[in-house]
Amino acid sequence: MLWSLIKIFLFFALIAGASFGALELLALEGGIRIAIAGQEYSLTPLQAVIALVLLVIAVWLFLKLMGLLLATFRFLNGDETAISRYFDRNRERKGFQALADGMLALASGEGRLAMAKAARANKYLDRPDLTDLLTAQAAEMAGDKGKAEEAYKRLLTEDRTRFVGVRGIMKQRLAAGDTDKALALAKTAFALKPAHEETQDVLLRLQAQGADWKGARETLKAKLKHGSLPRDVHKRRDAVLALSEAKGVLSEDSGIDGQERAIEANKLSPDLIPAAVMAAKSYIEQGKPKYAARVISKAWAARPHPDLAGAFAEIVPDETPDKRIKRFRALTKTNPNDPETKMLLAELNIAAENFPDARRALGDLVETQADARALTIMAAVERGEGASDTVVKGWLARALSAPRGPQWVCDNCQHIHAEWTPTCDNCRALDTLSWKRPPQSEVQALSSAAMLPLIVGAVEDKSDEAVAEIDDAEIVDMNAADGQVNS
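The model shown is predicted, which means the values in this text are computed figures rather than measured ones.

> Residue-level account of the packing of helix H14 (residues 289-302) against helix H15 (residues 306-315), with values.
At a closest axis distance of 10 Å, the pairing of H14 and H15 adopts a crossing angle of 160°. Between H14 and H15, the interaxial angle falls into the category roughly antiparallel. Crossing hand, H14 versus H15: left-handed. Together, Pro289, Ala292, Ala293, Ile296, Ser297, Ala299 and Trp300 of H14 and Leu308, Ala309, Ala311, Phe312 and Ile315 of H15 make up the contact between the two elements.

Here it is as structure tokens:
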């Protein structure tokens, strides 16, 4: 609105200025005398200005006429497109100017203006590859999805613009949540440009979501081939996909194929805990306990985990607690200061009813890195050593408000998973789950701490009535929930 008022003001200012100038010229005395071929012409100042303007127009018309005559001469000499090029040159100039204005409007975020400029450019130019692309992007910015899709479909008709059209429609289908059509379009786009990194990533993500692990591994191989993925990252993610493929095969009751893929996944990435567990179980089923123990020991050295300890226990499921402690030294001698190793030793000694050794194995873990599992183990130790119900229930009460300890957490969105999956259930990212302590907000911590007196009353008073709601069975329940190794 303000700009319109400014333009109107400028128009009236120019008209007023021109009128004032004309009046001043009429008021001037004298003029201009022009002598040509013995003839003399006298012009007033106003007539001189008009004559100058007419001269400029005449020169411009003369140049245009000369251009047309030159084009006609070329046409007569055999150049069939000379005259059409002469008339099209001005149209192209207007068209490219409109195209440039549309690109500037698009960069400025003015979708509607960019669409208008694209329509004007299309009127003057015979370049649908440029005008349709500008129209599609401008329509997307303006929220007109139907017009954008029509423009992208027109781009499908030419080989040089087909990839752009397929990619544009693919992104629209992704935004609409139509993953099936988006997957088909992603495969088409990948076939047109296998080295396009964005298309590789979209196709890989959709294949992983659809559990097409074989296809995802082929896409991952293409990313490595075209240099869009480092070799070490490719090896790790290939192991993740191989493990997922193994799980899929096992769910179809194809034991041998599943075992082979599980072992392959473990060889690709020995530190991948789920792959090590599955490979170990495959070796156990094949009657190769030494191979299973070797796989678990290697993974434990990289990252101790309760699932590894559980798989190691399955190698000899019916051994006595004392023999199990002796056999588990192959694991516990590695990473002895890791909290998982300390808790594993404590649980093994609890199963053997050696409570003093269990306390020594636990060390200062309940003070330095107290979590629900460590505090529950401490409650079991106190119970085994004959402590009062008040002491045992006090440890259990602390366990109720303590953090759960390490869990499978997505590095991308921090979403917590009950078990390992190849893709995050929340953000759908591939291979982002890590076994670590999840971030805990202060609000959650304060809420848990505030609930503690309601659960146990005054722990310092050692009141049995205040903790009567907590029974001894919770020790077993909480230990089982955290995946400890029992005899």
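> Before we move on, could you go through the sheet that holds strand E5 (residues 433-436) and cite the residues and values that matter?
On the basis of which strands lie adjacent, the open sheet formed by 3 strands has the order E4-E3-E5 and antiparallel pairing. Edge positions in the sheet fall to strand E4 (416-417) and E5, since each of these pairs with one other strand and no more. In the sheet, strand E3 (residues 407-410) pairs with E4 via 2 bridges, with the strands oriented antiparallel. Considered in E4, the bridge of Val409 is made with Ile416.

> If you had to explain the nonpolar core to someone new, which residues and values would you point to?
With 47 residues, the main nonpolar core has Leu241, Leu243, Leu272, Ile296, Leu308, Phe328 and Trp420 as its most contacted residues. Top contributing element to this core by residue count: helix H13 (residues 273-285), with 8 residues. In contact with Ile296, not counting residues within four places along its chain, are Ala280, Leu308, Ala311, Phe312, Ile315 and Leu331. In this structure, Ile350, Leu365, Met378 and Val381 belong to the second largest nonpolar core, which totals 21 residues.

> Requested: an account of a nonpolar patch on the surface, with residues and values cited.
A cluster of nonpolar side chains, namely Leu52, Leu55, Val56, Val59, Phe62, Leu63, Leu65, Met66 and Leu69, defines an oily patch on the protein surface of about 890 Å² accessible area. Summarising the element assignment, Phe62 is placed in helix H2 (residues 45-76).

> Describe the pattern of salt bridges, naming the residues involved and giving the relevant values.
Scanning all chains against the criterion turns up 25 salt bridges. Across the pair Glu347 and Arg373 runs a salt bridge, and its minimum N-O distance is 3.0 Å. Highlighted residues: Glu347 in helix H18 (residues 339-351) and Arg373 in helix H21 (residues 372-384), separated in sequence by 26 residues. When sorted by exposure, Glu347 lands in the same class as Arg373, which is buried. One salt-bridge network, held together by shared partners, links Arg217, Asp238, Glu245 and Glu264.

> How would you sum up the packing of aromatic side chains? Please name residues and give values.
Per the counting criterion, the structure on display carries 3 aromatic pairs. The interplanar angle of 55° and the centroid separation of 5.4 Å between the aromatic rings of Tyr283 and Tyr291 together place this pair among those described as tilted. Judged by relative accessible area, Tyr283 falls into the buried class, the value being 12%. Here Tyr291 falls in the partly exposed class, since its relative accessible area comes to 38%. Judged by centre distance (5.4 Å) and plane angle (65°), the rings of Trp408 and Trp435 are edge-to-face. Of this pair, Trp408 sits in strand E3 while Trp435 sits in strand E5, and the two are 27 residues apart along the sequence. The pair formed by Trp408 and Trp435 is uniform in burial state, with each residue classed as buried.

The rules behind the values
- Residues numbered from 1 in each chain as written.
- Predicted model: local features only at pLDDT ≥ 70, side-chain atom pairs only at ≥ 80, totals over all residues.
- Heavy atoms only, no water.
- Axes fitted to C-alpha atoms, helices over the stretch in contact; angles between N-to-C directions.
- Helix = DSSP H or I, 4+ residues; strand = E, 2+ residues; numbered from the N terminus.
- Parallel < 35°, antiparallel > 145°, perpendicular 65-115°, else oblique.
- Left-handed = near helix turned anticlockwise from the far one by under 90°.
- Contact = heavy atoms within 4.5 Å.
- Pairing = 2+ DSSP bridges.
- Core = buried A, V, L, I, M, F, W, Y, C linked by side-chain atoms within 4.5 Å.
- Buried < 20%, exposed > 50% of the residue type's maximum accessible area, 1.4 Å probe, protein only.
- Patch = residues over 30% accessible without salt bridge, like charges linked within 9 Å, V, L, I, M, F, W, Y side chains within 5 Å.
- Areas by Shrake-Rupley, 256 points an atom, 1.4 Å probe, with all protein chains shown as cover.
- Salt bridge = Lys/Arg side-chain N within 4 Å of Asp/Glu carboxyl O.
- Phe/Tyr/Trp six-rings, centres within 6.5 Å; stacked < 30°, edge-to-face > 60°.

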